[in-house]
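Residue strings, one per chain:
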Amino acid sequence: MPSMFTVALKEFSDIMKGKRFIVLVIVFGLLLTVAIASVYLTVMQNINIPGIAMPRGFLGRAAYTLIAMMSYFAPIIGLALGFDAISGEKEKGTLKIVLAQPVYRDIVVNGKFLAALLATSLAILVASIANIGGAVFILGVTPTGEEVARLVLFIVFSILFAMTYYSIAVLLSTISKRTTQSMIIGVVLWAIFTFVIPIIASLVAFTVRPIRIGQNIQNMTREEMQQLMEEMRSRTVITEAINSFTPNYHFGRIAQYILNVYTGMAIGPRNSTEVRSISIMEGLTSAWPNILVLVLVTAIAFIASYMIFMRQEIR
Amino acid sequence: MSYAIETYDLTKIYKSEEKTVVAVDSLNLNVEKGLVFGLLGPNGAGKTTLIMMLTGLTLPTSGSGKVLGYDIVKESLQIRRKVGLLPDPFGFYDHLTAEQNLEYIAALNDISKAERKKRVKEVLTAVGLYEVKDRKVGGFSRGMKQRLGIAQALIKDPELLIFDEPTAGLDPEGARAFREQVGRLSKEGKTIMLSTHLLFEVGPLCNYIAIIDRGKLIVQGRVRELVEKMMVEEGYRIRVKATGDVQTLITNIAQLNEVSEVKREGDTILIKANRDVRSDVNKIALSLGLEVLSLQIEEPTLEDLFMKYYRRGEVAEHA
Ligand SMILES: Nc1ncnc2c1ncn2[C@@H]1O[C@H](COP(=O)(O)OP(=O)(O)OP(=O)(O)O)[C@@H](O)[C@H]1O
Ligand SMILES: [Mg+2]
């Protein structure tokens with residue numbers, strides 16, 4: 001009985017041989033790394049506020065570029081591998097040939113998922129290593145053993161994040177009549193999650209909690225100061241509530257917890273020189289709900305495409 | 001009797017927002033093993049839909065069917081193990097070579113790695129594509145792809161072959177090669193089903209036909225029997241070629257009871273009769289001292305059959 005591995009093997013070698021994959025890994029994995037790293041370095045050199053603690057250690061300095069790179073790279077690799085998974089084979093007519101063989105339909109979806117998981121892991125590994133290597137080279141700091149463990153976890157959750165987008169893309173590809181349609185919806189959805197919702201979130205936050213005119217931090221009373229903090233907090237709550245509708249937000253949270261750069265509540269007294277540090281276990285515990293959301297979205301999108309595909313007319 | 005294909009009130013209804021299409025309508029077919037079965041019908045008759053139901057690519061709305069004795073819904077996996085299908089339309093993986101495409105299909109049929117290469121070579125040779133096995137299918141012409149499609153259907157060494165529009169896109173040479181192939185496969189004892197609206201190209205191969213229109217069966221049966229039935233119903237057409245006093249011959253033949261019409265067509269005589277009157281004609285000619293050069297029954301062609309039943313189907317539809 002031929003299994004999903006037969007399909008997975010073919011799909012994986014297709015992905016590896018295809019231009020799409022190589023181009024993405026090079027463009028995003030390497031170019032994005034360079035671009036973000038250079039922006040980051042400029043910022044690091046020019047910002048030096050006395051009294052504010054500067055991030056320390058390898059991760060303290062490199063995590064920003066890593067997270068920024070991955071929050072673009074992972075969704076795009078997921079979309080790129082998934083948008084034509086089903087619709088492409090329907091359009092080309094290859095699906096009919098495959099399904100006329102003694103196989104159950106599910107090996108097609110499962111095999112593709114497995115191949116995408118492998119390819120995504122590989123791509124993210126390559127991109128991460130490029131990024132980390134670049135950072136080591138530029139910053140001249142090497143990660144400690146604990147930081148390496150954090151980086152490994154980060155890579156694992158980046159793969160999960162990419163697979164979330166992959167599953168969404170496969171779902172779109174299953175329900176779309178055409179691949180172009182699936183691709184357009186995929187890209188629009190990505191743009192909504194990546195740019196539109198965060199913008200709306202802060203617009204809403206600032207509308208609900210507007211900045212009061214005439215504030216001058218220098219001559220604020222202690223009460224006014226506290227009120228200001230309170231406003232900022234509630235804006236954060238609103239923004240996060242809205243952003244939590246995007247997978248990107250959850251990935252961001254996981255990454256921050258895991259890489260120990262969580263800054264959401266780090267706004268403390270001005271004289272604070274401590275950057276809050278959390279252990280890996282603490283990080284995982286705090287990130288747990290976000291991890292669960294990504295796993296659920298991935299599973300639901302996958303199961304939905306699976307169920308639709310199993311009973312779908314294939315022409 | 002063991003049937004290759006049998007259907008019982010098999011029906012497929014496609015529903016969409018705007019309309020409902022009854023693509024296959026209560027179809028009852030029974031095709032014995034070992035035949036070359038032609039499924040004939042105009043565009044949109046439901047041929048492809050029927051084939052897709054038979055091979056488990058789509059589920060029937062109602063009714064049931066068996067292929068090689070297996071239930072088309074519950075045992076479709078076994079069916080696909082033993083049935084080679086050339087779908088219409090279909091495609092291959094453009095970025096893979098002809099050989100790679102076929103090796104993948106072979107793998108999906110659980111053909112062992114060692115066996116695969118051999119089978120692939122066999123079927124590629126059979127369709128005349130072995131020379132181009134290392135070329136990417138993306139660069140193949142339509143006819144080459146069609147040949148590869150035929151090769152693909154053969155790879156599992158199937159008991160039953162179903163070809164949907166097999167000669168679409170083939171050049172005359174390709175079509176001839178295909179007809180020969182069907183002949184060989186049939187000799188090997190395989191059952192072959194050919195679905196087409198192109199009567200000339202594959203029609204002559206068939207010894208069993210079913211004509212469908214708008215999802216409904218119009219007629220099915222052995223071609224031999226249908227032809228004889230048509231001759232009985234519509235009369236025999238006999239063509240005579242003789243030398244000498246042809247006009248007297250015509251007058252004499254016209255006197256036969258069963259002959260309804262005799263006329264001259266070029267240098268031959270066409271007789272319409274409700275019985276095979278060849279021996280009578282021969283006797284008359286002999287008695288008149290004429291030399292008969294040829295004396296043949298003109299059998300209705302598949303096209304005649306098709307036109308007769310198809311027209312009748314249309315009439316029934318509108319009545
Ligand atoms: N997936 C589908 N959804 C809706 N209607 C369909 C679908 N597939 C086929 N049909 C309709 O079913 C009818 C039968 O189509 P089918 O393709 O089976 O005919 P056909 O005899 O193979 O025609 P052709 O000679 O053109 O290949 C047509 O009216 C067609 O429009
Ligand atoms: Mg058709």
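Keep in mind the model is a prediction, meaning the values are calculated, not measured.

Cut-offs and rules
- Residues numbered from 1 in each chain as written.
- Chains lettered and ligands numbered in written order.
- Predicted model: local features only at pLDDT ≥ 70, side-chain atom pairs only at ≥ 80, totals over all residues.
- Heavy atoms only, no water.
- Helix = DSSP H or I, 4+ residues; strand = E, 2+ residues; numbered from the N terminus.
- Buried < 20%, exposed > 50% of the residue type's maximum accessible area, 1.4 Å probe, protein only.
- Areas by Shrake-Rupley, 256 points an atom, 1.4 Å probe, with all protein chains shown as cover.
- Lys, Arg positive; Asp, Glu negative; His and termini not counted.
- Charge placed at Lys NZ, Arg CZ, Asp CG, Glu CD.
- Contact = heavy atoms within 4.5 Å.
- Salt bridge = Lys/Arg side-chain N within 4 Å of Asp/Glu carboxyl O.
- Buried area = accessible area lost by both parts, 1.4 Å probe.
- Nonpolar A, V, L, I, M, F, W, Y, C, P; charged D, E, K, R; others polar.
- Phe/Tyr/Trp six-rings, centres within 6.5 Å; stacked < 30°, edge-to-face > 60°.
- Lys NZ or Arg CZ within 6 Å of the ring centre and 35° of its normal.
- Pairing = 2+ DSSP bridges.
- Axes fitted to C-alpha atoms, helices over the stretch in contact; angles between N-to-C directions.
- pLDDT = per-residue confidence, 0-100.
- Patch = residues over 30% accessible without salt bridge, like charges linked within 9 Å, V, L, I, M, F, W, Y side chains within 5 Å.

## Focus: the overall build of chain B
Next up, step 1: Helix and strand counts for chain B stand at 11 helices and 14 strands.
Next up, step 2: Taking the principal axes of its C-alpha atoms as reference, chain B extends roughly 75 × 50 × 40 Å.
Next up, step 3: Expressed as a percentage of the 319 residues in chain B, the buried residues total 51%.
Next up, step 4: Counting every atom, chain B has about 14,700 Å² of accessible surface; 49% of that belongs to carbon and sulfur.
Next up, step 5: Side chains of chain B carry 45 positive and 45 negative charges; the gap between the two charge centres is 4 Å.

## What about the overall build of chain A?
Next up, step 1: Check the secondary structure of chain A and you find 11 helices and 0 strands.
Next up, step 2: Element order for chain A, N to C, with α for helix and β for strand: α-α-α-α-α-α-α-α-α-α-α.
Next up, step 3: A burial count over chain A gives 46% of its 315 residues as buried.
Next up, step 4: Contacts spanning at least 24 positions in sequence make up 87% of the contacts within chain A whose residues lie at least 6 apart.
Next up, step 5: Carbon and sulfur atoms make up 70% of the accessible area of chain A, which totals about 15,900 Å².

## A look at unusual backbone geometry
Residues and elements named next belong to chain B.
Next up, step 1: Cis geometry marks the peptide bond from Asp88 to Pro89; its omega dihedral reads -10°.
Next up, step 2: Phi angles above zero are rare outside glycine, and Ser26 is one such case at about 45°.
Next up, step 3: We classify Ser26 as partly exposed; its relative accessible area is 37%.
Next up, step 4: Here Glu165, not a glycine, exhibits a phi torsion of approximately 50°, which is positive.
Next up, step 5: Judged by its relative accessible area of 8%, Glu165 falls in the buried class.

## As for the pattern of salt bridges
Next up, step 1: Counted under the stated rule, the structure contains 34 salt bridges over all chains.
Next up, step 2: Residue Lys12 of chain B is joined to Glu313 of chain A by a salt bridge in which the shortest nitrogen-to-oxygen separation is 2.8 Å. Placement of the pair is Lys12 of chain B in strand β1 (residues 3-15) and Glu313 of chain A in the segment after α11 (280-310), with the two residues belonging to separate chains.
Next up, step 3: On the basis of relative accessible area, Lys12 of chain B is assigned to the buried category, the value being 4%.
Next up, step 4: The residue Glu188 of chain B makes a salt bridge to Lys190 of chain B at a minimum N-O spacing of 4.0 Å.
Next up, step 5: Its relative accessible area of 56% is what places Glu188 of chain B among the exposed residues.

## Concerning the interface of chain B and chain A
Next up, step 1: Listed per partner, the contact involves 30 residues of chain B and 25 residues of chain A.
Next up, step 2: Counting the surface chain B buries against chain A, the share from its top three residues, Leu57, Tyr93 and Leu108 of chain B, is 25%.
Next up, step 3: Connecting chain B to chain A are 1 salt bridge.
Next up, step 4: Listing elements by their share of the side of chain B that touches chain A, those giving two or more residues are β1, α1 (47-54), α2 (76-82), β6 (83-86) and α3 (98-108) of chain B.
Next up, step 5: A per-class count over the side of chain B that touches chain A returns 16 nonpolar, 8 polar and 6 charged.

## Focus on the packing of aromatic side chains
Next up, step 1: The tally for this structure, following the rule as stated, stands at 13 aromatic pairs over all chains.
Next up, step 2: Here the aromatic rings of Phe113 of chain A and Phe302 of chain A are separated by 4.5 Å at their centres, their planes lie at 55°, and the arrangement is tilted. With a gap of 189 residues between them, Phe113 of chain A in helix α6 (residues 106-139) and Phe302 of chain A in helix α11 connect regions that are remote in the sequence. Residue Phe113 of chain A shares its accessibility class with Phe302 of chain A, and that shared class is buried.
Next up, step 3: Through successive ring pairs, a cluster of aromatic residues spans Phe154, Phe161, Tyr165, Phe193 and Phe251 of chain A.
Next up, step 4: We note Lys10 of chain A situated over the ring of Tyr104 of chain B; from NZ or CZ to the ring centre the distance is 5.2 Å.
Next up, step 5: Positioned over the ring face of Phe309 of chain A is Arg105 of chain A, at 5.7 Å from the centre of the ring.

## Here's the deal with the sheet that holds strand β12 (residues 259-265) of chain B
Residues and elements named next belong to chain B.
Next up, step 1: Strand order in the open sheet made by the 4 strands is β12-β13-β11-β14, with antiparallel pairing throughout. Each end of this open sheet is capped by a strand with a single partner; those strands are β12 and β14 (291-298). When strand polarity is set aside, the average angle formed by the axes of neighbouring strands in this sheet is 20°.
Next up, step 2: As defined by bridge partners, strand β11 (residues 236-243) adjoins β14 across 7 bridges and the pair is classed as antiparallel. Bridge assignment links Ala242 to a residue of β14, and that residue is Val292.
Next up, step 3: Strands β11, β12 and β13 (268-273) of the sheet are contacted by helix α9 (residues 246-254), whose axis makes an angle of about 165° with β12.

## Some thoughts on the confidence of the model for chain A
Residues and elements named next belong to chain A.
Next up, step 1: In this model, chain A carries an average pLDDT of 85, and 86% of its residues clear a pLDDT of 70 or more.
Next up, step 2: Considering each helix and strand of chain A separately, the mean pLDDT is smallest for helix α2 (residues 19-46), with a value of 74, and largest for helix α5 (residues 94-99), with 96.
Next up, step 3: Across residues 263-274 the pLDDT falls below 50, and counting only partners more than four positions away or on other chains, this stretch makes 9 contacts in the model.

## A word on a nonpolar patch on the surface
Residues and elements named next belong to chain A.
Next up, step 1: Taken together, the side chains of Tyr72, Phe195, Val196, Ile199, Ile200, Leu203, Val204 and Val208 define a hydrophobic patch exposed on the protein surface, amounting to about 660 Å² of accessible area.
Next up, step 2: The greatest single-element share of the nonpolar patch, amounting to 7 residues, is contributed by helix α8 (residues 179-208).
Next up, step 3: Along the chain, Ile200 falls in helix α8.

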